[in-house]
Amino acid sequence: RRKRIAVTVMASHVGSVRLSIAGTPYTASGAPGRIIVEFPEFVCWSPDSPQLYTLQCQLLEDGETVDETAVRFGMREFTVKENRFFLNSQPLFLKGVLHQPDYARTLAAPESEELARRELTLAKEAGFNMVRMHIKTPPRISLDIADELGLLVYEEPPIGWIKNSRWMRDRCEREVREMILRDRNHPSVVMWGILNESGNAGYRVNGGAQLIKDDLARLARSLDPSRVIIDDSGGVNTTREFSRLIRPYREEFETYDDLHIYQRAPVDREIELYFEHSGDPNALAFLSEFGFGGLEDLPEVLAHYGEEVEHLKDARLVRGMLEAAMQTFEERELDRIFGSFSGFARAAQELQCDAVQHQIDALMANPKLAGYCYTQLCDAGHELCAGVLDRWRRPKAVFETFKTSQQELRPLIRAERTNLVPRQEVKVRVLIVNLARAQGRADLSLQVIGPTDQVLWKKKRNIKLPRSGKELWNGAISASGSPGTHKFVVRLMQGMNVLGESALEFHVVASAEPSAEEVHVIGPSGSWAAPLRRLVRQGGPAAPVHIVPPLANTIRAYPAEELCGVLGAVREGAVALIFGPPDDWNDLADHIDGNASATSKDAVGAFLGAYHYAKLHPVFERLPARCLMRQPYRNVVPAKTFVEPTDEDICGSLDTAPIAAGHYMTDASAWWGNDILVRRLGAGRLVFTHLRILEHLGADPVADRLLVNMVRHFVRRSVPSSQPAQLQRQARDWLLRERATGVRRWKVLGMFPNWGDAGHNHAYPPECEIDFGAVFPGWYKPIEWRDWYTLAGEDHVVDLQAALTPVYEYYPRFDYGTAYAYAEAGCDMRQKAVLRLRIQDATKVWLNGKPVFEETIHLPHKEFAEREAEVLLRQGRNTILVKVSKVPGEFRFGLDIVSPGGTALELKWWR
């Protein structure tokens, strides 16, 4: 803005300094020290026009040049205002990618420069305008090339997770000082990041570099007044402190919303809504980490290393991974589906493409977001599955997806659903991404293309190009009468020139014909009977197939008589389909004579993917099979799998998360799982699955067909006894005892908005009326009351994060939200009591509609504050309403009611 440059010159001996900007008439002279060079006419450096200048500096003695040097620089201004990033006084949406250059320590300089230029050139070709040099100071050559290409750089020193406090301060200060002094003349560098997720390593509270992050940020400001400084990307996870930044030419810290969100693939509607609505509307919102990994082609990687396998750590790592993966790959005969493990890897990379398209589309539809940063440019380190490029800087399949998704000008398609039955309509909105700020008129072309590439419907209209985020079209489109993949293609055109285009796939599935087989459904008051009635014929306990829905988060809350009656029928020859068994299922299995265990483990994936396969099997009749589960399975793909071996290999998963934990040489159980687990029990079978089928009946034709297919297949495996089944009495008695003494039922509702921690003082509907049948607008999706059970063995802690977050996050810490929990307790007499609380966040409690407790705190990771409040219990029913408002971090509370002396009360808790 001042149209000048400030130059600091240090010289080894006395002399005068002459400064000149090459190719311009602008010069200045003076003694060594700080010299101002006026520069009234220049071209700004930007990604579109990376104009560089060279400052020449000569040391003169008696008019003769005795030393000289030169430095390259650019003129640009980067700052934060109006909750956006600005470059040269224009708003700039950041499209970044994380990168950890690893070539400088292994390759000679010419080879390093070649790799650096290739990877950064490809990053720009893919549509990125920024590279986050992550937890490692980049080589100088990377910054030189970024200057030339017009790539912004967010640079960090290598101190992200330092824990050792004995030598921490000196090293951290040295790293920050050396980084800034070396690199502050690069116009590409626009942000200094100090830390990343401090506290992640061992969840340390007030340890490591957390202790001096303020000092480090101020040191950075003293060395460079002109750049944005970020103190801790993602915030301090243990103490739940927010990320903060310092604007250029400012000294004070400002909080902002720095998000790290890793979601699974395929991407369902809830995940899309989560991305569309994340971010504090009253602050800068920056998604500085996100993404889903596409598995490397491990056999090809190993072949590239050749004889170096025994000598290079990376090569030994890859070989260990491949051996662990192949052990079960061959046992499951997956070569019949994918041809080879390389084929499996290619399918995994296609799933990565799906994730990128849907996640970026959702992010671009979020008006609050100022930018994002994808998880990895190159496969490297423990993130060796997450890259846009492989370790040899060759584009992976997702590279082309980024090129398409990151166009500066394109239509953006938003649809409520993508699985349809023949001739079904779906509502669609078309928005515009106009980051280029293009103006003028264009033609908007809309087409529906059928499975055989025929155009089924088209529309065209002339429009004036609006600002980014505005709506171009809103209407309904229809599927044809033929099952298969349809596309909705939208183009912006001027004459025959395509300015930008997008396509969204719709999957048309033939309607499921109701099953004629009789099915017995268990559940209190038949809560799951209604959605099942349309697809199966419901019968009594003598039916050949029994359905056990996901009734609770603990097996201790399942109906003992009904469930144990089903287990008895299975022992006699029937089949039970058990959907979403709780994690403590094996506590019951220990009381069942026979092989009834089903051990669940997470299998969702994030920057390291989890890939679910479907075999050619009657369960997948008339559905995509012999493949990985991609977008047609978006609503039903399981979040968990089973570790036990199965009698029928129907569908399963490969989870690469053990790589990050260093378990690449473990047995196959650390990698593989069964998504449908078939186990013999007596003469019958138990069939377990976490496929989310029942939850989507009627709304997703894939769920409907999977249910009918499962019933039809397993009814053929059922030979039910003609005699009444004998109860599993040992299991029933254990369940009855546990239900009576070990569980309490709550109703939970959430999350409502809590941006800026303001939701706690806002009276949401439950504070006015308790209506268990109502649906409310949550902060990113419609919400309703749901059951949640607490356990005596866990001190009856209500885990609201687990109860209210069906959207999986690799880091479940970046939510802001307000939730309610409701319970009832019966008392034989009116009496004084003490409400004993364990709280972690801002909490309010109402007893019988009257406020009895309130406190606003946010405690570090795993910590609880114990509080008490004197209350008066009614005779009979007492209602308890708890309101909790969270910032990023865990989301829990504990509540009990005791006598004034602290002894337990004989209360009849809601069960």
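Our structure's up above, just so we're on the same page.
Residues numbered from 1 in each chain as written. Predicted model: local features only at pLDDT ≥ 70, side-chain atom pairs only at ≥ 80, totals over all residues. Heavy atoms only, no water.

Description of the sheet that holds strand β3 (residues 27-30)
The antiparallel open sheet is built from 4 strands, whose spatial order is β3-β2-β5-β6. Whereas interior strands pair on both sides, the edge strands pair on one side only; in this sheet they are β3 and β6 (64-73). The sheet shows a mean angle of 15 degrees between the axes of neighbouring strands, direction not considered. Strand direction decides the pairing type here: strand β2 (residues 16-21) and β3, joined by 4 bridges, are antiparallel. By the bridge assignment, L19 is partnered in β3 with A28. (Pairing = 2+ DSSP bridges. Helix = DSSP H or I, 4+ residues; strand = E, 2+ residues; numbered from the N terminus. Axes fitted to C-alpha atoms, helices over the stretch in contact; angles between N-to-C directions.)

Comments concerning the pairing of strand β5 (residues 53-61)
By the bridge criterion, 6 bridges tie β2 to β5 in an arrangement that is antiparallel. The residue of β5 that forms the bridge with S20 is Q56. Where β5 meets β6, 9 bridges bridge the pair, whose relative direction is antiparallel. What sits directly across from Q56, in β6, is A70. Linking two consecutive strands that pair antiparallel, namely β5 and β6, is a turn of 2 residues; a positive phi of about 55 degrees is found at D62 within it.

Some remarks on the state of the cysteines
Evaluated as defined, the whole model comprises 0 disulfides. For the unlinked cysteine C353, the closest cysteine sulfur is that of C385, found at 14 Å. Not engaged in a disulfide, the cysteine C651 finds its nearest cysteine sulfur in C627; these two sulfurs lie 11 Å apart. (Disulfide = S-S within 2.5 Å.)

What about the sheet that holds strand β21 (residues 419-420)?
With mixed pairing, the 5 strands of this open sheet are ordered in space as β21-β27-β26-β23-β24. Strands at the two margins of the open sheet, each flanked by one partner only, are β21 and β24 (455-464).

Here we look at the packing of aromatic side chains
Taken as a whole, this structure holds 40 aromatic pairs when the rule is applied. Note on W755 and W779: the rings are 5.4 Å apart at their centroids and 75 degrees apart in plane angle, and the pair reads as edge-to-face. With W755 in the loop between β40 (743-752) and β41 (775-777) and W779 in the loop between β41 and β42 (782-784), this pair connects stretches of sequence that are 24 residues apart. When its relative accessible area of 14% is taken as the criterion, W755 is described as buried. Ring geometry for F772 versus Y822: centroids 5.4 Å apart, planes at 70 degrees, classification edge-to-face. With a gap of 50 residues between them, F772 in the loop between β40 and β41 and Y822 in strand β45 (residues 817-827) connect regions that are remote in the sequence. (Phe/Tyr/Trp six-rings, centres within 6.5 Å; stacked < 30°, edge-to-face > 60°. Buried < 20%, exposed > 50% of the residue type's maximum accessible area, 1.4 Å probe, protein only.)

Examining the packing of helix α9 (residues 341-364) against helix α10 (residues 398-405)
The interhelical angle for the contact between α9 and α10, taken along N-to-C directions, is 15 degrees, at an axis separation of 9 Å. The angle between α9 and α10 falls in the class roughly parallel. Crossing hand, α9 versus α10: right-handed. Residues Q352, C353, V356, Q357 and I360 of α9 form the contact with α10, whose own contacting residues are V398, T401, F402 and S405. The class makeup of the residues in the contact of α9 with α10 is 5 nonpolar, 4 polar and no charged. (Parallel < 35°, antiparallel > 145°, perpendicular 65-115°, else oblique. Left-handed = near helix turned anticlockwise from the far one by under 90°. Contact = heavy atoms within 4.5 Å. Nonpolar A, V, L, I, M, F, W, Y, C, P; charged D, E, K, R; others polar.)

Examining α10
Buried residues of α10: V398, F399, T401, F402 and S405, and no others. Each buried residue of α10 sits inside an arc of 160 degrees when the element is viewed along its axis, so together they form one side. (Arc of directions from axis to C-beta.)

As for the layout of surface pockets
The space that makes up the second largest pocket amounts to roughly 2,000 Å³. Every residue lining the second largest pocket is counted, 50 residues in all, and those nearest its centre are I5, A6, V7, N185 and S226. Within the residue set of the lining of the second largest pocket, elements represented by two or more residues are β1 (4-9), β2, β5, β6 and β7 (78-81). Of the residues contributing to the lining of the second largest pocket, the split by class is 24 nonpolar, 11 polar and 15 charged. (1 Å grid on protein atoms, 1.4 Å probe; cavity = no way out; pocket = protein on both sides within 12 Å on 5 of 7 lines; lining within 4 Å. Points joined across faces, edges and corners; volume = space filled by probe spheres on them.)

Some words on the environment of V643
With respect to the element layout, V643 can be found in the loop between β35 (640-642) and β36 (651-655). Discounting residues that sit within four places of it in the chain, V643 has contacts with T599 and K601.

Topic: unusual backbone geometry
For the bond from A265 to P266, the omega torsion is 0 degrees, close enough to zero to count as cis. Residue position: P266 is located in the loop between β17 (257-261) and α5 (269-277). With an omega dihedral of 5 degrees, the bond running from G750 to M751 counts as a cis peptide bond. Within the secondary structure layout, M751 lies in strand β40. Residues other than glycine seldom take positive phi values, yet E82 does so here, at roughly 55 degrees. Inspection of the secondary structure puts E82 in the loop between β7 and β8 (84-87). Here the phi dihedral of R393 falls at roughly 60 degrees; this positive angle occurs in a residue that is not glycine. Tracing the chain through its elements places R393 in the loop between β19 (369-374) and α10.

A short note on the side chain of Q424
Inspection of the secondary structure puts Q424 in the loop between β21 and β22 (425-434). By relative accessible area, Q424 is classed as buried at 19%. Reaching out from Q424, the side chain makes a polar contact with the backbone nitrogen of V421 at a distance of 2.9 Å. Residues within four places of Q424 in sequence aside, it is in contact with R417, N419, I477, S478 and A479. (Polar contact = N/O pair within 3.5 Å; in protein donor to acceptor, adjacent residues only side chain to side chain.)

Points about α5
Every buried residue of α5 is accounted for by I271, E272, L273, Y274, F275 and E276. For α5, the secondary structure elements touched by its buried residues are β17, β18 (285-290), α9 and β20 (409-415). Measuring from the backbone nitrogen of E270 back to the side-chain oxygen at the start of α5 gives 3.2 Å, which picks out D268 as the cap. Where α5 ends, the next residue or the one after it, G279, has phi of about 110 degrees, a positive value.

Description of the environment of N434
Secondary-structure assignment places N434 in strand β22. Owing to a relative accessible area of 4%, N434 belongs among the buried residues under this scheme. With 25 residues separating them along the chain, N434 and L409 place their C-alpha atoms 4.6 Å apart. Residues within four places of N434 in sequence aside, it is in contact with E408, L409, P466, R467 and S468. Side-chain polar atoms of N434 contact the backbone nitrogen of A438, separated by 2.8 Å.

Some details on the packing of helix α12 (residues 560-571) against helix α15 (residues 729-741)
Packing of α12 against α15 brings their axes to within 9 Å, and their N-to-C directions diverge by 160 degrees. Looking at the two axes, α12 sits roughly antiparallel to α15. Judged by the twist between their axes, the crossing of α12 over α15 is right-handed. In this structure, α12 contributes A560, E561, L563 and C564 to the contact, and α15 contributes A731, R732, L735 and L736. Taken together, the residues that form the contact of α12 with α15 break down as 6 nonpolar, no polar and 2 charged.

Some points on empty space enclosed by the protein
Within the structure shown, the criterion is met by 5 cavities of 30 Å³ or more. Residue lining of the largest cavity: 16 residues in total, with G234, G235, E241, F814 and P888 positioned closest to the centre. Looking at the lining of the largest cavity residue by residue, the classes come out as 6 nonpolar, 5 polar and 5 charged.

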